[in-house]
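Structural features, examined
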Amino acid sequence: MKILWAVGALLLSCWQASASTAGFIKSPLSQMKLVSDSAELHCEVIGNPIPEVQWWFVVGEEPNETFTQLFDGARDDRVQINATYISHGTSTIHLTSLTLDDSGTYECRASNDPDRNDLKKTPKIKWIRSQANIIVIETPNIIPEPSEVSNQTSAVLRCNLTESNLPIKGSHWLHNGKIIEDSKSTEPSASIVLSLEKITHSSGGKYECVFLTDPEVKQTIEVKTLPHVGAYKHSEHANEQDKGVMVCNSHGYPLPTDWTWFKEEDGSQKPIINGTTDKYEIKSTPNKTTLTINDLSIEKDIGDYVCSGTNELGTSSDKIHLRVRSRLAALWPFLGIVAEVIILVTIIFIYEKRRKPDEITDDDDSGSAPLKSNSNANHKDKNVRQRNSN
């Protein structure tokens with residue numbers, strides 16, 4: 001029995017030696033935000049075992065302050081809490097669509113006491129706490145001039161920051177979310193200007209004037225242009241009984257809200273209605289439209305097709321020429337090669353045929369030579385006999 005008590009005491013002492021209280025390795029930082037912005041607080045803790053992390057909202061001041069625990073989905077689902085417990089504890093609280101009532105003190109608590117959530121027992125180890133303030137202020141008034149530019153060839157954009165006590169450290173302009181490098185300034189000016197000397201479909205979009213305050217404040221000016229519609233390819237080729245696919249893209253701001261396809265026939269444009277038959281299929285997004293023609297016919301489908309995009313300012317279009325080839329078109333190169341081979345073989349055959357009589361004549365000529373040589377031999381023999389007689 002004494003041995004068992006000794007072993008138990010040894011194990012208890014080993015557990016106490018390996019256990020450690022919770023401690024912060026990263027605390028949340030205070031922030032100042034604008035109404036309707038989002039905020040995020042983050043804290044990390046260590047300990048053995050890994051501590052649990054909770055978030056609380058503090059209202060009032062000591063000694064009359066009250067604490068409200070925050071859970072994921074609180075405040076009409078505007079609170080989101082993400083926590084992980086792997087090598088240590090980490091937790092992040094996200095606050096979206098901030099209001100003035102969200103201003104206050106937020107507290108990150110951590111504890112690894114086994115009895116920390118038991119309301120009937122007093123925890124042996126107190127929760128450790130780290131606080132940060134979120135201050136939500138009204139958005140300062142920025143007056144844009146003009147508030148919108150529609151279908152103009154040039155414009156001067158201006159923003160005036162009024163009724164604000166926030167210190168200005170500089171400013172710049174954004175075009176569709178990207179900084180315009182030439183607009184960067186470190187001057188603490190409450191009025192900034194951007195000149196657009198030539199407005200095209202590529203320069204249309206959302207422009208934002210940004211004042212480098214804490215927090216940053218900005219205002220948007222929309223520069224609207226006619227849609228710029230362009231065919232992906234101005235000439236398309238397809239085989240009969242196959243599918244023909246034609247694509248048009250659009251650029252500019254705003255993008256088209258309506259796409260229409262036409263086929264030019266006898267000097268007029270005949271609209272193509274999607275879904276009326278299985279012949280045509282039209283798929284469109286704000287920046288792209290696709291026309292698919294099934295079961296192509298050489299007699300009916302060859303011609304010019306027009307894609308037209310429309311936004312609130314007007315309509316723009318482009319043209320595509322569709323060529324339909326016979327299904328046998330791919331065989332013509334092969335048939336041409338076969339014809340060339342046949343012609344070449346015929347020429348060789350005729351040449352060889354005409355060449356044979358000449359060869360026979362040459363053989364006859366060579367056959368008469370021995371007769372001549374025999375005559376000479378007989379002549380020599382005759383002379384020999386005459387010498388002998390003498």
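The text that follows walks through the structure, step by step, so that each part is easy to find.

Thresholds applied
Residues numbered from 1 in each chain as written. Predicted model: local features only at pLDDT ≥ 70, side-chain atom pairs only at ≥ 80, totals over all residues. Heavy atoms only, no water. Phe/Tyr/Trp six-rings, centres within 6.5 Å; stacked < 30°, edge-to-face > 60°. Helix = DSSP H or I, 4+ residues; strand = E, 2+ residues; numbered from the N terminus. Buried < 20%, exposed > 50% of the residue type's maximum accessible area, 1.4 Å probe, protein only. Lys NZ or Arg CZ within 6 Å of the ring centre and 35° of its normal. Pairing = 2+ DSSP bridges. Axes fitted to C-alpha atoms, helices over the stretch in contact; angles between N-to-C directions. Disulfide = S-S within 2.5 Å.

Counting across every chain of the model gives one aromatic pair. Note on Phe-57 and Tyr-106: the rings are 4.9 Å apart at their centroids and 50 degrees apart in plane angle, and the pair reads as tilted. Residue Phe-57 is found in strand β4 (residues 52-59), and its partner Tyr-106 is found in strand β8 (residues 104-111); the two are separated by 49 residues along the sequence. Here Phe-57 and Tyr-106 have matching classes, each one buried. The ring of Phe-57 has Arg-75 lying over it, and the distance from NZ or CZ to the ring centre is 4.5 Å. Its guanidinium or amino end placed over the ring of Trp-56, Arg-109 lies 4.0 Å from that ring's centre, counting from NZ or CZ.

Next up on the list: the sheet that holds strand β10 (residues 141-145). Overall, antiparallel pairing links the three strands, which are arranged β10-β12-β15 in an open sheet. Looking at which strands have only one partner, the edges of the open sheet turn out to be β10 and β15 (191-196). Ignoring strand direction, the axes of neighbouring strands in this sheet form an average angle of 15 degrees. Of the strand pairs in this sheet, strand β12 (residues 155-162) and β15 are connected by six bridges, and their pairing is antiparallel.

Right, let's talk about the state of the cysteines for a bit. If you walk through the whole model with that rule in mind, you get three disulfides. Between the sulfur of Cys-43 and that of Cys-108 lies a disulfide, 2.0 Å long from S to S. One quick way to see it: the torsion about the S-S bond of Cys-43 and Cys-108 is about 50 degrees, and its sign makes the bridge right-handed. Of this pair, Cys-43 sits in strand β3 (residues 39-48) while Cys-108 is found in strand β8, placing the two residues 65 residues apart along the sequence. Assigned by exposure class, Cys-43 and Cys-108 land together as buried. A sulfur-sulfur distance of 2.1 Å marks the disulfide that ties Cys-159 to Cys-209. Judged by the sign of its S-S torsion, about -80 degrees, the bond between Cys-159 and Cys-209 is left-handed. Of the two residues, Cys-159 is situated in strand β12 and Cys-209 in strand β16 (residues 205-211); the sequence distance between them amounts to 50 residues.

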